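# Examination of the molecular architecture
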Amino acid sequence: MLLFLQEMSTMLFAILSSFIFALVLFFIGQQRFERFTWLASLLPLGLFIYFAQFIPAIANGDVIHFSTKWVPSLGINLDFQLDGLSLLFTLLITGIGSLVFIYSKEYLKENNKLLRFYCYLSVFMGAMLGLVTSNNIISMFVFWELTSISSFFLISFKNTDKESRKSALLALSITGLGGLSLLAFAVLAGQLTGTYTISEMLTNPELFAQGELSIFLLVFLLLAAFTKSAQFPFHFWLPGAMRAPTPVSTYLHSATMVKAGVYLLLRFSPHFSLNEYFGTILIIFGAITMLYAAVHTLFRTDLKGILAYSTIGALGIMVFLIGIGTAEAITAAIIFIMVHALYKASLFLVTGTIDYGAGTRDITRLAGLRKFMLPLSIAGLLAAISSAGIPPSVGFVGKDLIYESTLHAGLNAGLLTTIALVTNIFMVFAGFIVGVKPFIGKLPEHLSETEKPNFILWGPPILLALLGVVFGLFPGLLGNLFTDNIAAKLSGVEAPHLKLWHGFNFIFLLSLITIGAGLLLYVLWKPSKSKETFIQRFDVLAPKDLIILFGNLFSQLSIFLTRLFQNGYLRRYVMILLVILTVVLGIHIFINPRVFLNIEQIKSLDWNEIIICIIMFFAILFTVFSKSRLSAVAGLGIVGYAMCFIFVFYGAPDLAMTQFTIDTLTVILFVLVLYRLPKYLRMSNPTNRIRDGIIALTFGTFMSFIIVEIMNENPVKNVTEFYSENAYVLAKGKNIVNVILVDFRGFDTMIEIIVLSIAAIGVFALLKLYLKKHEK
Amino acid sequence: MEILLAIMTGILYAAGIYLILRRSLVKLIIGIVLLGNGVNLLIFLMGGLVKGRPPIIPEDAKHLEGLFADPVPQALILTAIVISFGLQSFAIVLIKRAYKVVKTDDIDAMNETDRI
Amino acid sequence: MKSIILSSASNYLLPLLLLFSVFVLLRGHYLPGGGFIGGLIASIAFILHAFANGLKKTRYLLRIHPGFLIPVGLTVAILSAVAPMIFADLPLLTGLWYPDEIPVIGKIGSALFFDTGVYLVVVGVSLTIIFTISETV
């Protein structure tokens, strides 16, 4: 154990610590945990510090490797790698994680399943950390699946709500589909390249670009990434997942988990750099998702609904940028991942606090809340500014880069820039609707009793929003840390230097148009219930319903098949097996008849052998057709004794003795028990009996044929020869059967006597233990 | 003789299967015992039949010479016979207990009791 | 099932059969026999005695519950299996042999102890099963 600990890398321990923490929580108990909830947030905070200490090394462009052997025979090691991209994600996961851990303490303080919540949350965090640091694709897959599973439990946290459970199941099935696809990708890529280590796969990117299998690789990877990152047409699970408590939505569905797909694409974009379809497909799907989601934000009235769609849109932008794939675009994507995580998490937390205080998230019913929640309204405003890309926020830097990369995209620059512009306008709108609108205007009557949130409920969002502005003022910080070496590594070209101010140029003009149009939209367009109803009319055509329909058909089919085969009647199982076996044997015998009798090999028939066989034959008939249990048992005994004689004739005295004693014991056993069992009844009708008889006889006949056929072959006797040569020399025994039992195969015998002991204990327990009074 | 034993094995298989396909649990057990005998006989036949020469090294020799019965299937069958005793006794006691609780040894009727 | 002939016969048969079973066990390495067969013969001897004289008398004769033989036998078998690991630094279940031959039994080695463990387990198992069933049915 100690040796194992020594071999464990610190990284493995850091990742496992979340799982261990979840396990420990389990034993602490809800009561004690409630008093010390705040201690839980020390875990993500500690991990944040742990990962932050790697910043200087990573900024130098180093890549840190950690390795622990896991399943060496399959080439699966727990390889972890920390480069700029991984570090960015780990810092986001642990940083936002810390704030969410603290925030949840207050937000869910009256919930009696708080302990469970923190368990799921820390499992999720561990899985997410493992996912973004794994350098082995199989362990990456395992962590990927763990995030899906923990997210399932977090979405369905309000498990008394039917809709929550439904949404959770939907999210699990969609992301589960992606997980399967990732597994397929992993195995295929591993087989093709001969390694399961992600960084080693990079040595021959031609494999990912040429050949028949490269298209499968691409499809599997994209399916995994698109389902996880909610790209059209798999986007619909994300709005449903908003049924989760708001801290969960903050953490999983805006800041971290949904970005796992984007991470996957970024991680594998160098591998696919030679694949001509990779970029194009990403641009197309990203663009559709952006526009689709952007339009949807207009028609939602639930704050979280608006945020869900704007998140889908943001994910679309990231995929779109990765598709463009230039150094500028990758830099833009990385900046945008960070920007989006900061302002979207902040907006989600703002929404949570509004919901907590005002008791509603309906935008049409919210206004004037600044009276109660002034600090929160500042957080909302700052986040909205960052989301809109108004200088000096980091959002501005990001938006600049987006336009820069679309403008330099070559042939389609005009089209791509327009798509980006439209989406960004809706993003500005969404940011302001959520971050500003609930706080301004006149306070409506029904909100006059709003609770004033305490520090924990407004501190985290304001911190996140402030960070968005700070990084905007000093973009060089980000550049040094991440974008320079991530983008350079992923695109192969040196990344552009990050600046807040580029001067008055075309890009600045585009930014101005975005902000202006967005704000105009915000002023003019009022979300309302009727608009939401309007858009819901198109739901019939939505991918969601089509997929649910498909799912229902599929489950009906499987129910039908299960009822057909798993019908609970042992007879039918046996019958199906036998009929299939009979058909296989029959085909074999009729196509390739090798059944002939080798007269020379056959031993002459002795009269005593014939008599034994005749006795055995009649005993079997008697056992099968007897109407009384006792005579059936007697017949069984005679069959056993007849076997005994056969063993005696053909040189197996040990077997004969064993068979004799066991047969005696069996008969005694049956007689003892059968006295108290029901009368032998004839329960099946004649047709069934004839059918079963035919099945049994056919199978028996075929068995005889096969035996005759096999006996014409010369058996391989290597094992036998070894035993008979060495029985005396090595094991000093002359009865070879016994030598095999106690020496050569002694281990088998040991297991056998253990099994026998278990049977005896079972019999004893069944008859003597836990009996009701009348049974004694 | 081989052909006779091959036919006997086939009959044991047929009888065992026929009884396993019955509805009564007791018949099921008897069927399994018969089938077990059939399997033992099958393994025994696969080793090749040698009349009257058990695999025992003579007093004055160090290893077996000439024709002798194959010890490997014998060891297998010996194990199988003993294990089957454990299986049968456990199964039959299980039937007895089940009969006490559900008052039937009809497998179909037992299925019905599941649904309650 | 009480007949005087059977009950008095079984009184003589029991020691004879037990002796025979031990004999079968000991010679198992050289001639047909061994732990399984010996154990089964011994348990049949006890069961015969129980049929003739009643279970109570047999139990009294045995003194201990037959189930007690199971762990004892398992321990003997496992000890003999790990003995080569402890005493001679050899793999599990390697045969260890006392160099001199002993009359009647032949050579003594760890295999014999292993077989004795098998013998005890078999006696324990079959007697536990049969006794438990005949007591409760």
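All of the points below concern the structure found in this document. (Residues numbered from 1 in each chain as written. Chains lettered and ligands numbered in written order. Predicted model: local features only at pLDDT ≥ 70, side-chain atom pairs only at ≥ 80, totals over all residues. Heavy atoms only, no water.)

## Thoughts on the interface of chain A and chain B
Frequently, the measure chosen for interface size is the accessible area that the parts lose on association. Facing 93 residues of chain A, the contacting portion of chain B comprises 85 residues. When the two sides are added together, the surface that chain A and chain B hide from each other amounts to roughly 8500 Å², 76% of it contributed by carbon and sulfur. Between chain A and chain B we count three salt bridges in total. Going through the elements one at a time, α27 (570–591), α28 (607–625), α29 (629–649), α30 (653–674), α31 (686–711), α32 (718–731), α33 (736–744) and α34 (746–768) of chain A are the ones with two or more residues in the side of chain A that touches chain B. Within the side of chain A that touches chain B, the residues separate by chemical class into 62 nonpolar, 18 polar and 13 charged. (Contact = heavy atoms within 4.5 Å. Buried area = accessible area lost by both parts, 1.4 Å probe. Salt bridge = Lys/Arg side-chain N within 4 Å of Asp/Glu carboxyl O. Helix = DSSP H or I, 4+ residues; strand = E, 2+ residues; numbered from the N terminus. Nonpolar A, V, L, I, M, F, W, Y, C, P; charged D, E, K, R; others polar.)

## A word on the packing of aromatic side chains
Residues and elements named next belong to chain A. One pass over the full model with this rule turns up 29 aromatic pairs over all chains. Ring plane angle 75 degrees and centroid distance 5.2 Å describe the contact between Phe89 and Tyr263, whose orientation is recorded as edge-to-face. Linking Phe89 in helix α7 (residues 84–107) with Tyr263 in helix α15 (residues 259–268), this pair joins segments that are 174 residues apart in sequence. Exposure class is identical for Phe89 and Tyr263. Each is buried. When the ring of Phe272 is compared with that of Phe278, the centres are 5.2 Å apart and the planes differ by 10 degrees; the resulting orientation is stacked. (Phe/Tyr/Trp six-rings, centres within 6.5 Å; stacked < 30°, edge-to-face > 60°. Buried < 20%, exposed > 50% of the residue type's maximum accessible area, 1.4 Å probe, protein only.)

## Some points on the nonpolar core
With 182 residues, the main nonpolar core has A:Phe185, A:Leu265, A:Ile354 and A:Leu369 as its most contacted residues. No other element matches helix α18 (residues 327–358) of chain A, which puts 20 residues into this core. The residues touching A:Ile354, leaving out its near neighbours within four places in the chain, are A:Leu303, A:Gly359, A:Thr360, A:Leu366, A:Leu369, A:Met373, A:Leu376, A:Pro438 and A:Phe439. One finds A:Ala632, A:Ile753, B:Leu64 and C:Tyr119 within the second-largest nonpolar core, a separate group that totals 130 residues. (Core = buried A, V, L, I, M, F, W, Y, C linked by side-chain atoms within 4.5 Å.)

## What to know about a positive patch on the surface
Residues and elements named next belong to chain A. A contiguous patch of positive charge, built from Lys162, Arg165, Lys166 and Lys544, is present on the exposed surface. Tallying contributions element by element places helix α10 (residues 162–193) first for the positive patch, with three residues. Relative to the helices and strands, Lys166 is located in helix α10. (Patch = residues over 30% accessible without salt bridge, like charges linked within 9 Å, V, L, I, M, F, W, Y side chains within 5 Å. Areas by Shrake-Rupley, 256 points an atom, 1.4 Å probe, with all protein chains shown as cover. Lys, Arg positive; Asp, Glu negative; His and termini not counted. Charge placed at Lys NZ, Arg CZ, Asp CG, Glu CD.)

## Quick look at empty space enclosed by the protein
Scanning all chains against the criterion turns up nine cavities of 30 Å³ or more. Empty space within the second largest cavity amounts to approximately 60 Å³. Together, A:Asp654, A:Asn738, A:Leu741, A:Val742, B:Leu78, C:Gly33, C:Gly34, C:Gly35, C:Phe36, C:Ile37 and C:Asp115 line the second largest cavity. A class-by-class count of the residues in the lining of the second largest cavity yields five nonpolar, four polar and two charged. (1 Å grid on protein atoms, 1.4 Å probe; cavity = no way out; pocket = protein on both sides within 12 Å on 5 of 7 lines; lining within 4 Å. Points joined across faces, edges and corners; volume = space filled by probe spheres on them.)

## Examining a nonpolar patch on the surface
Residue and element names in this part refer to chain A. A cluster of nonpolar residues, Leu557, Phe560, Leu561, Leu564, Phe565, Ile576, Ile580 and Val584, forms a patch on the protein surface that exposes about 730 Å² of accessible area. Elements with a contribution of two residues or more to the nonpolar patch: α26 (543–565) and α27. Sort the elements by how many residues they give to the nonpolar patch and α26 lands first, with five residues. Looking at where Ile576 falls in the secondary structure, it is placed in helix α27. Ile576 gets classed as partly exposed once you look at its relative accessible area, which sits at 31%.

## So, unusual backbone geometry
Residue and element names in this part refer to chain A. With an omega of 5 degrees, the peptide bond running from Phe232 to Pro233 counts as cis. Checked against the element boundaries, Pro233 lands in the loop between α12 (212–228) and α13 (237–241). Even without a glycine there, the phi angle at Ala230 is positive, about 55 degrees. You can see Ala230 is positioned in the loop between α12 and α13.

## Side note on the packing of helix α16 (residues 276–297) of chain A against helix α21 (residues 413–435) of chain A
All names here are of chain A. At a closest axis distance of 9 Å, the pairing of α16 and α21 adopts a crossing angle of 35 degrees. At the point where α16 passes α21, the crossing takes the left-handed sense. Along its contact with α16, which presents Ile283, Ala287, Met290, Leu291, Ala294 and Thr297, the element α21 presents Leu416, Ile419, Ala420, Val422, Thr423, Phe426, Phe429 and Ala430. (Axes fitted to C-alpha atoms, helices over the stretch in contact; angles between N-to-C directions. Left-handed = near helix turned anticlockwise from the far one by under 90°.)

## Notes on the interface of chain C and chain B
Between chain C and chain B, the residue contacts involve eight residues of the former and seven residues of the latter. Of the roughly 700 Å² buried at the junction of chain C and chain B (both faces included), carbon and sulfur atoms supply 91%. Seen at the junction of chain C and chain B, the total is zero salt bridges. Our enumeration of links across chain C and chain B arrives at zero residue pairs in polar contact (both at pLDDT 80 or more). Residues that form the side of chain C that touches chain B fall into these classes: seven nonpolar, one polar and no charged. (Polar contact = N/O pair within 3.5 Å; in protein donor to acceptor, adjacent residues only side chain to side chain.)

## Points about the environment of A:Ile646
Considering the arrangement of structural elements, one finds A:Ile646 in helix α29. In the structure, A:Ile646 is positioned 33 residues away from A:Cys613 in sequence and 8.7 Å away in space, judged by C-alpha atoms.

## Quick look at the pattern of salt bridges
Side chains carrying opposite charge are able to pair once their charged atoms draw close together. All names here are of chain A. Under the criterion given, the structure shown has twelve salt bridges over all chains. In this structure, Arg267 and Asp83 form a salt bridge, with 2.9 Å as the shortest nitrogen-oxygen distance. In this pair, Arg267 sits in helix α15 while Asp83 sits in the loop between β2 (76–82) and α7, placing the two residues 184 residues apart along the sequence. Summarising the burial analysis for this pair, Arg267 and Asp83 share the class buried. Between Asp355 and Arg361 there is a salt bridge whose closest N-O contact spans 3.4 Å. Among the residues examined, Asp355 registers a relative accessible area of 17% and is labelled buried. With a relative accessible area of 22%, Arg361 lands in the partly exposed category.

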